[in-house]
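# Observations on the model geometry
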Amino acid sequence: MKQPSALPGRVSHIIDVLVALVLVVAVGGNLVAGTWTFNVAIPVWVAWVATGACAVAILLRRHRPVTAYALALATLIPASFVGGGLGPAAALATASALYMTALHYPRSRSLIAMGAGLVVVAFLEFLHLGPSTLASTALAGGGVAGSWALGWTARQRQANLALLTEAHADQAVSDERLRIAREMHDVVAHSMSLIAVKAAVGNHVAKEQPEEAREALRVIELTSRETLVELRRMLGVLRSGDGTPEAALGPAPKLADLRTLAERAGQAGVRVELIGEVVDELPEGVALSVYRITQEAVTNVVKHAGPSTCRVTITEGPGEISVEIVDDGRGEGSAATVGGHGLIGMRERVAVYGGDFEAGPLPAGGFRVFARLPYAVEEVGTR
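Throughout this document, residue positions are counted from 1 along each chain, in the order its sequence is written. Since the coordinates come from a predicted model, pLDDT governs what is reported: local features require at least 70, and pairs of side-chain atoms require 80 or more to be given and counted, while whole-chain, interface and lining totals use all residues. Calculation of side-chain values draws on the structure's entire complement of heavy atoms; hydrogens and water are dropped beforehand.

The name an unreviewed UniProt entry assigns to the protein chain is histidine kinase, from the organism Amycolatopsis coloradensis. UniProt positions are given in the numbering used here, feature names are shortened, and annotations may be inferred rather than shown by experiment. Per UniProt, the protein chain has the following entry under Catalytic activity (unreviewed entry): "ATP + protein L-histidine = ADP + protein N-phospho-L-histidine."

Any carboxyl oxygen of Asp or Glu within 4 Å of a side-chain nitrogen of Lys or Arg constitutes a salt bridge here. The full count for this structure, using the stated rule, is 6 salt bridges. Among the salt bridges present, the one from arginine 372 reaches glutamate 320, with a minimum N-O distance of 2.8 Å. With arginine 372 in strand β5 (residues 367-374) and glutamate 320 in strand β3 (residues 320-327), this pair connects stretches of sequence that are 52 residues apart. Salt-bridge contacts for arginine 368 lead to glutamate 324; the nearest nitrogen and oxygen are separated by 2.6 Å. Of this pair, arginine 368 sits in strand β5 while glutamate 324 sits in strand β3; the two residues are 44 residues apart in sequence, bridging distant segments of the chain. Helical segments are the DSSP runs of H or I of at least four residues, strand segments are the runs of E of at least two, and each set is numbered from the N terminus.

Before going further, it helps to spend a moment on the UniProt feature "transmembrane region" (unreviewed entry) in the protein chain. The positions UniProt marks with the feature "transmembrane region" (unreviewed entry) are residues 12-33, 40-60, 66-99, 111-129 and 135-154. What you have in residues 12-33 is 100% helix and 0% strand, and the ends, taken at the C-alpha atoms, are 31 Å apart. Spanning residues 135-154, this segment combines 100% helix with 0% strand, and its end C-alpha atoms are found 28 Å apart.

Turning to the packing of helix α3 (residues 65-82) against helix α4 (residues 86-104), a few remarks are in order. Two quantities define a packed helix pair, namely the angle between the axes and the distance from one axis to the other. Lines fitted to C-alpha atoms define the axes here, with helix axes fitted over just the stretch in contact, and angles between the N-to-C directions of these axes take values from 0 to 180 degrees. With their axes 8 Å apart at the nearest point, α3 and α4 run at an angle of 155° to one another. On the basis of their axis angle, the class for α3 and α4 is roughly antiparallel. Viewed along their axes, α3 and α4 form a crossing whose handedness is left-handed. Touching Pro65, Val66, Ala68, Tyr69, Ala72, Leu73, Thr75, Leu76, Ala79 and Val82 of α3 are Leu86, Gly87, Ala90, Ala91, Ala93, Thr94, Ala97, Leu98, Met100, Thr101 and His104, all from α4. For classification, angles of less than 35 degrees are called roughly parallel, those exceeding 145 degrees roughly antiparallel, those between 65 and 115 degrees roughly perpendicular, and all remaining angles oblique. Helix crossings are classified by the rotation of the near helix relative to the far one: an anticlockwise turn of less than a right angle makes the crossing left-handed, while a clockwise turn makes it right-handed. Any two residues whose heavy atoms approach within 4.5 Å are treated as being in contact.

Here β3 runs beside β5; their pairing, made up of 8 bridges, is antiparallel. Counted as the bridge partner of serine 322 is arginine 372 from β5. Criterion used throughout: strands pair if DSSP finds at least two bridges between them. Sheet topology places strand β4 (residues 356-361) next to β5; 6 bridges connect them, and they run antiparallel. The residue of β5 that forms the bridge with phenylalanine 357 is alanine 371.

Pasting the structure below:
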């Protein structure tokens, strides 16, 4: 799994360091120059301690938000009495620490922190009663509440983003499971149907026609080996996340492999006639879908239609390709009346590309499957 980058966190810490440095330089420069007039006469070192406490609170706010907030709030009380530039510096440290407290802690706990800040602010403001006390109290309290609201909003946004990411991950897993189930069904169902048919033939003629029985066993052996290769390819795709080189995995079936599919069906007693040119310049996903739809339809003919003829017609149009599979077997015994996921899988493959799908018995007997898969012409040009 790809590890998340630590760059955003490092940038945030660098910003905190820069803010703390700017605060120390700005306040310290005024202290050295003696430009501020304090309400209470204090030693200079006390002002430097208060400035250092504000800087430490800013540096600690991401690692220990509550500790940083408590330190900044404790510094705010004497800084407000002293006056000068210490009060705004402590207010900045308090607001930034409260923001991180609301961001990292549950609402109930962060609300307690905000309440403590409001009490301190109200206490400090009412110590200086005057005509503007209520206005200044509302302004200071609004700053405290605003800092908390920004942090809580950011927390909610992160929570929503996490839920959305989890939902997308679950959907991706669900889609991948569906794709794997579809691939497994197409491969296993086709091969096992052919094996079952040939095994029945071999068992039936084993005594009277041993040569035909051996031929059936040969087909079973060949089909079994090819199925194992295909299953290993799909399992290899599942394991490709552990560093397995993609080149070691077998190629996905292409439309050119329909000829081999037709030969296998012929060995099971179903003559497959391919009509139309095999299109090579197709997106890989479209070509695989056409192959799998044809494979599933032919498999249903082998299983349900009995000895018959099957016609596969491939038609290419501007930005789309369609395939029609028609057999002349027992229409009522075909896939339409047999349970399973074959038709569902074919319909899902077509739905991925927003195409059309039809399947059903024909009035004169037999069964018809039709699928049209549109695709963007640009997909072919960029391959």
